[in-house]
Amino acid sequence: MTYLFTGVWQSAGWGTILYLAALTGVNKELFEAAEIDGASRLKRIWHITLPSIKPTIVTLLILNLGHMVSIGFDRPYIIGNTAVREYSDVLSTFVYRVGLESGQYTLATVVGLFQAVVGLIFVLGSNYISKKATGEGIL
């Protein structure tokens, strides 16, 4: 639970800044016209706000799917200790432990390369699906 909470807290600020920046680009006249036409707040969000920030949503989704494999090094390493290592070990801490502590540089390189290739496959796959579904992507 602590791990999840710290991850949400760590990434909430950056995501908020990006979405707020996207929201400032939405045309205010569209909201005024929808309000005059009698659209409720939910309909204005659904038909004006979400389509206006759809490129930002798609881009952040694709990039976050690429980061799914690379969980990160700092949180698992700080929270984990020898008592819970077999439950908290992720690829980045495994690469550190095997490569730097054990001196098996080739194995650490192969695992790191595997992690990068799987992340690239996730980015390219999610971009392909996004282009087919919405017509928008990052590449």
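Summarised in this report is the structure supplied together with it. (Residues numbered from 1 in each chain as written. Predicted model: local features only at pLDDT ≥ 70, side-chain atom pairs only at ≥ 80, totals over all residues. Heavy atoms only, no water.)

**What about the overall build of the protein chain?**
When you go through the protein chain residue by residue, the secondary structure sums to eight helices and zero strands. Sequence-ordered secondary structure for the protein chain, helices as α and strands as β, is α-α-α-α-α-α-α-α. Rg of the C-alpha trace for the protein chain: 21 Å, well past the compact-globule value of 14 Å for 139 residues, more than 25% over. A principal-axis box enclosing the C-alpha atoms of the protein chain has dimensions of 70 × 35 × 20 Å. In the protein chain, which comprises 139 residues, the share counted as buried stands at 22%. Residue pairs in contact within the protein chain that sit at least 24 positions apart in sequence constitute 51% of those at least 6 positions apart. Here the protein chain displays about 10,100 Å² of accessible surface, and carbon together with sulfur accounts for 68% of that area. (Helix = DSSP H or I, 4+ residues; strand = E, 2+ residues; numbered from the N terminus. Rg over C-alpha atoms; globule rule 2.2 N^0.38 Å. Buried < 20%, exposed > 50% of the residue type's maximum accessible area, 1.4 Å probe, protein only. Contact = heavy atoms within 4.5 Å. Areas by Shrake-Rupley, 256 points an atom, 1.4 Å probe, with all protein chains shown as cover.)

**Looking at the nonpolar core**
Side chains that are nonpolar tend, in soluble globular proteins, to be buried together. A22, V26, A34, I48 and I53 form the largest nonpolar core, which has five residues in total. Look past the residues within four positions of A34 in its chain and what remains in contact with it is A39, R44 and I48. (Core = buried A, V, L, I, M, F, W, Y, C linked by side-chain atoms within 4.5 Å.)

**Description of the pattern of salt bridges**
Under the defined criterion, the tally for this structure stands at two salt bridges. Across the salt bridge formed by E35 and R44, the nearest N and O atoms sit 3.7 Å from each other. The exposure class assigned to R44 is buried, which follows from its relative accessible area of 16%. Salt-bridge contacts for D89 lead to R97; the nearest nitrogen and oxygen are separated by 2.2 Å. (Salt bridge = Lys/Arg side-chain N within 4 Å of Asp/Glu carboxyl O.)

**A closer look at the packing of aromatic side chains**
Here the distance between the centres and the angle between the planes together describe a pair of aromatic rings. All chains considered together, the criterion is met by two aromatic pairs. Residues F5 and W9 carry aromatic rings whose centres are separated by 6.5 Å and whose planes lie at 20 degrees to one another, so their mutual orientation is stacked. On the criterion of helical spacing, the pair formed by F5 and W9 is a turn pair, its members being four residues apart in helix α1 (residues 2-24). W9 shares its class with F5; the two are exposed. Here Y77 and Y96 contribute two aromatic rings whose centre-to-centre distance is 5.4 Å and whose plane-to-plane angle is 75 degrees, an arrangement assigned as edge-to-face. Taken together, the residues Y77 in helix α5 (residues 74-79) and Y96 in helix α7 (residues 91-101) connect sequence positions 19 residues apart. (Phe/Tyr/Trp six-rings, centres within 6.5 Å; stacked < 30°, edge-to-face > 60°.)

**As for helix α4 (residues 54-66)**
For α4, with 13 residues, the first-to-last C-alpha span of 18 Å sits near the 18 Å given by 1.5 Å per residue. Within α4 the residues assigned to the buried category are V58, L60, I62 and G66. Residues of α4 that are buried sit in contact with α1 and α8 (105-134). (Expected span 1.5 Å × (residues − 1).)

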